[in-house]
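The primary structure of each chain is shown beneath.
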Amino acid sequence: MIALLEQRRLALQALCDGEKTLKDRNRLGQFATPTPLAAALSRYALEVLPPDRPVSFLDPAFGTGAFYSALLRVFPPERIERAQGFEIDPHYEAPTRALWQDHALTLTLGDFTAAPPPDPAKRFNLILCNPPYVRHHHLDRAQKARLQRESQRASGVKLNGLAGLYCHFLALSHAWLANEGLAGWLIPSEFMDVNYGAPLKRYLLDQVELLHIQRFDPAAGQFHDALVSSAVLWFRKRPPAAGHRVHFSYGGTLAAPLECLSIPSETLQIEHKWTRFPVFQPRIACTTPKLSNFFNIRRGLASGNNRFFILSLAEMIERNLPRECFIPILPGPRHLPGDEIEAYPDGSPKLDHRLFILACRQPETEIEQKYPSLWTYLQSGKPSTSERYLCRSRSPWYAQENRPPTPFLCTYMGRSDGKRARPFRFILNHSQATAANVYLMLYPKPPLAHALQQRPALVKTVWSLLNDIETSALLGEGRVYGGGLHKLEPKELAHVSAAAIEALLYQRP
Ligand SMILES: C[S@@+](CC[C@H](N)C(=O)[O-])C[C@H]1O[C@@H](n2cnc3c(N)ncnc32)[C@H](O)[C@@H]1O
């Protein structure tokens with residue numbers, strides 16, 4: 001009977017999803033939990049909850065009820081004392097209400113984040129939720145202010161403006177969870193590494209007993225229609241005991257992960273990147289030098305509109321644009337024939353694909369006098385390019401960030417299957433070309449810059465040492481997105497160990 005209802009629920013889900021555009025579903029984070037995953041969460045809850053207690057269940061983002069359905073299949077019916085759900089969208093709520101009409105479910109049509117929490121005696125001892133993954137860009141200023149205020153009131157968690165809606169769902173539901181109650185959240189794993197996740201991590205360590213975080217392999221996305229790298233987070237609402245340890249698992253399934261490690265709470269207090277676990281061991285406090293000891297690392301320049309500001313040599317000639325107002329810029333990594341870029345005597349890179357970026361800060365009136373063709377070109381960028389966010393915030397609007405050329409560049413976005421392919425490459429640039437923000441630029445700091453001046457041949461050694469850095473060391477600092485896309489921020493690359501470069505600098509010539 002319940003199995004049949006699940007079949008009907010799945011059909012309803014497909015029907016409701018099919019009647020909406022992907023854009024609309026994105027706006028409200030409408031991506032359902034697959035049946036096996038919902039069942040796995042329910043089974044986990046069955047194991048963890050004390051066996052003799054009745055269950056009061058809440059799903060604050062109900063959809064068609066993937067978790068409720070799983071709960072009914074997994075728990076003995078007599079244990080389910082009450083169940084409640086919130087669903088904001090009548091498109092899902094109305095047929096869902098009809099589907100579950102013969103069940104003791106209270107389904108509320110409305111915004112969970114605006115619902116007044118219940119009296120403590122009416123709180124729930126099991127919350128299972130796949131909250132809407134609505135990014136902060138889609139929340140307006142007033143919404144953010146209200147969510148921040150209410151999240152703090154409910155849990156003491158002070159989220160910043162970059163936190164997505166799912167963080168607020170988690171913080172707000174603190175006021176709905178009974179003491180000793182269990183919560184299982186299916187959420188993006190991003191909060192484990194990024195700054196906006198820090199208050200949430202403090203909450204998980206200080207206010208509740210964080211039990212387990214299972215991270216799924218991002219290359220094996222849990223959702224067929226949303227590209228996210230997801231995790232399941234389990235905690236109990238009670239203060240953590242001294243010496244508490246948290247179970248981290250990765251890959252496989254919730255019941256049979258590929259890797260596991262138990263990490264002391266104190267380690268998590270000082271570790272800013274939780275996605276290190278369980279694949280990596282806790283860091284040993286060490287004095288190993290980092291790349292930041294030898295390089296200032298900056299992202300390449302963000303032009304504001306590459307199609308307007310970056311031109312090929314042929315385009316410049318065709319438009320009669322003055323060469324002295326442009327500097328060479330490297331094409332994206334895909335267009336580089338190799339990892340070493342040679343230079344022509346004038347400093348421009350020896351590449352088939354020769355590009356130049358406008359590098360002129362003179363006022364338009366001067367440009368009009370001196371370079372009429374450039375002036376005409378700039379007029380063609382009005383208002384489309386000149387009104388873009390980056391351009392508007394610069395003066396003049398076509399001035400570019402200052403990114404002098406450097407010999408060392410890193411491609412900081414890439415895919416890997418974990419062991420074989422290298423997602424990040426270090427490029428040796430002998431030219432005077434600058435680079436756009438598809439690269440990180442590594443500028444040697446004084447001790448290294450001095451050594452390179454004294455011994456120019458060192459440049460190749462440093463480059464090969466950079467390329468010798470273990471892929472796992474780079475992946476351990478970076479972040480990974482759905483589909484196995486790895487990314488390294490300047491600060492993260494700066495954190496990578498540079499013992500070999502130090503050894504090189506302090507060895508005798
Ligand atoms: C990620 S889906 C999960 C649905 C279902 N629980 C599941 O696991 O398949 C999130 C659901 O929350 C709903 N939702 C979005 N914002 C909401 C809000 N503020 N209050 C209540 N529900 C909301 C969406 O319409 C969507 O149905």
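The structure displayed is predicted, hence computed values, not measured ones. (Residues numbered from 1 in each chain as written. Predicted model: local features only at pLDDT ≥ 70, side-chain atom pairs only at ≥ 80, totals over all residues. Heavy atoms only, no water.)

Some points on the pairing of strand β18 (residues 439-444)
- Burial analysis of β18 places five of its six residues in the buried class, the great majority of the element.
- Sheet topology note: the strand β10 (residues 295-299)/β18 ladder contains five bridges and is antiparallel. Each residue of the ladder has a partner; that of F295, found in β18, is P444.
- Sheet analysis places strand β15 (residues 408-411) next to β18, joined by four bridges and oriented antiparallel. If you follow F408 over to β18, its bridge partner there is L442. (Buried < 20%, exposed > 50% of the residue type's maximum accessible area, 1.4 Å probe, protein only. Helix = DSSP H or I, 4+ residues; strand = E, 2+ residues; numbered from the N terminus. Pairing = 2+ DSSP bridges.)

Some remarks on the domain arrangement of the protein
- We note that the domain assignment places domain 1 (2-241) and domain 2 (292-359 + 400-505) within the protein.
- Between the C-alpha centres of domain 1 and domain 2 the distance comes to 42 Å. (Domains from an automatic or database assignment.)

Topic: unusual backbone geometry
- The step from F277 to P278 runs through a cis peptide bond, and the omega angle for that step is 5 degrees.
- Looking at the element boundaries, P278 is found in the loop between α9 (265-270) and β10.
- That bond from S395 to P396 is cis: its omega, -10 degrees, falls within 30 degrees of zero.
- Mapped onto the elements, P396 comes out in the loop between α14 (389-392) and β15.
- Positive phi is not limited to glycine here, since E180 has a value of about 70 degrees.
- The phi dihedral of N320 falls on the positive side, at around 60 degrees, and the residue is not glycine.
- Turning to its location among the elements, N320 is positioned in the loop between α11 (313-318) and β12 (326-329).

What to know about helix α4 (residues 66-74)
- With eight of nine residues buried, α4 lies mostly within the body of the structure.
- For α4, the set of buried residues is A66, F67, Y68, S69, A70, L71, L72 and V74.
- At its buried positions, α4 is contacted by α1 (2-18), α3 (35-48), β1 (55-59), β2 (80-87), β3 (105-109) and β4 (124-129). (Contact = heavy atoms within 4.5 Å.)

Structural notes on the sheet that holds strand β17 (residues 425-429)
- Within the open sheet, the five strands sit side by side as β10-β18-β15-β17-β13. Their pairing is mixed. Looking at strand neighbours, the two that pair on one side only are β10 and β13 (340-341), the edges of this open sheet.
- In the packing of helix α15 (residues 446-454) onto the sheet, the strands contacted are β10, β15 and β18, and the crossing angle to β18 comes to about 75 degrees.
- Along the sheet face, helix α16 (residues 458-468) touches β10, β13, β15, β17 and β18 and points at about 170 degrees away from the line of β17. (Axes fitted to C-alpha atoms, helices over the stretch in contact; angles between N-to-C directions.)

Describing the packing of α1 against α4
- Relative orientation of the contacting elements α1 and α4 amounts to 165 degrees, with a least axis distance of 9 Å. The angle between α1 and α4 places the two elements in the roughly antiparallel class. Like other packed secondary-structure pairs, α1 and α4 cross with a definite hand, here left-handed. Residues I2, E6 and R9 of α1 touch α4, and the partners they reach there are A66, S69, L72 and R73.
- Residue composition of the contact of α1 with α4, by class: three nonpolar, one polar and three charged. (Parallel < 35°, antiparallel > 145°, perpendicular 65-115°, else oblique. Left-handed = near helix turned anticlockwise from the far one by under 90°. Nonpolar A, V, L, I, M, F, W, Y, C, P; charged D, E, K, R; others polar.)

Some words on the sheet that holds strand β7 (residues 230-236)
- Strand order in the open sheet formed by nine strands is β3-β2-β1-β4-β5-β7-β6-β8-β9, with mixed pairing between adjacent strands. Only two strands of the sheet have a single neighbouring strand rather than two, namely β3 and β9 (259-264). On average, each strand axis in the sheet is inclined to that of its neighbour by 15 degrees, with strand direction left out of account.
- Looking at chain direction, β4 and strand β5 (residues 177-188) are connected through five bridges and run parallel. Each residue of the ladder has a partner; that of L128, found in β5, is G184.

Focus: the site of the ligand
- Taken together, 23 residues are adjacent to the ligand, and Q30, T33, A61, E87 and D111 come closest.
- F62 is positioned with one of its backbone polar atoms (N or O) 3.1 Å from a nitrogen atom of the ligand.
- For the ligand, a nitrogen atom lies 3.3 Å from a polar atom in the backbone of I88.
- Of the residues assigned to the shell around the ligand, the class counts are 14 nonpolar, six polar and three charged. (Near = heavy atom within 4 Å. Polar contact = N/O pair within 3.5 Å; in protein donor to acceptor, adjacent residues only side chain to side chain.)

Side note on helix α6 (residues 141-155)
- Taking 1.5 Å per residue as the helical rise, α6 with its 15 residues ought to reach 21 Å, and the 21 Å between its terminal C-alpha atoms agrees with that figure.
- Taken residue by residue, α6 has K144, L147, S151 and S155 as its buried positions. When α6 is viewed along its axis, its buried side chains cluster within an angular range of 65 degrees and face the same direction. Summarising the geometry of α6, the exposed residues directed more than 90 degrees from the buried face are R141, A142 and R153.
- Against α7 (165-172) and α8 (198-206) lie the buried residues of α6. (Expected span 1.5 Å × (residues − 1). Arc of directions from axis to C-beta.)

Topic: the state of the cysteines
- A complete count under the given rule lists zero disulfides for this structure.
- As a non-bridged cysteine, C129 has C167 as the owner of its nearest cysteine sulfur, 12 Å distant.
- You can call C129 buried: its relative accessible area is 0%.
- The structure places no disulfide on C360, whose sulfur is separated from the nearest cysteine sulfur, that of C325, by 4.4 Å. (Disulfide = S-S within 2.5 Å.)

Notes on the pattern of salt bridges
- Following the criterion strictly, the structure yields 18 salt bridges and no others.
- Of the charged contacts in the structure, one is a salt bridge between E93 and R97, with a shortest N-O distance of 2.7 Å. On the criterion of helical spacing, the pair formed by E93 and R97 is a turn pair, its members being four residues apart in helix α5 (residues 90-99).
- A residue is classified by how much of its surface remains accessible, and R97, at 39% relative accessible area, is partly exposed.
- For E401, the salt bridge goes to R403, with nearest N and O atoms at 3.6 Å.
- Here the salt bridges do not stand alone but share partners, grouping E180, E209, R236 and R238 into one network. (Salt bridge = Lys/Arg side-chain N within 4 Å of Asp/Glu carboxyl O.)

Thoughts on the packing of α1 against α5
- With their axes 11 Å apart at the nearest point, α1 and α5 run at an angle of 160 degrees to one another. By the angle between their directions, the pair α1 and α5 is classed as roughly antiparallel. With respect to the hand of their crossing, α1 and α5 are arranged in right-handed fashion. On the side of α1, the interface is formed by L5, R8, R9, L12, Q13, C16 and D17, while α5 contributes H91, Y92, P95, T96 and L99.
- In terms of residue class, the contact of α1 with α5 is made up of six nonpolar, three polar and three charged.

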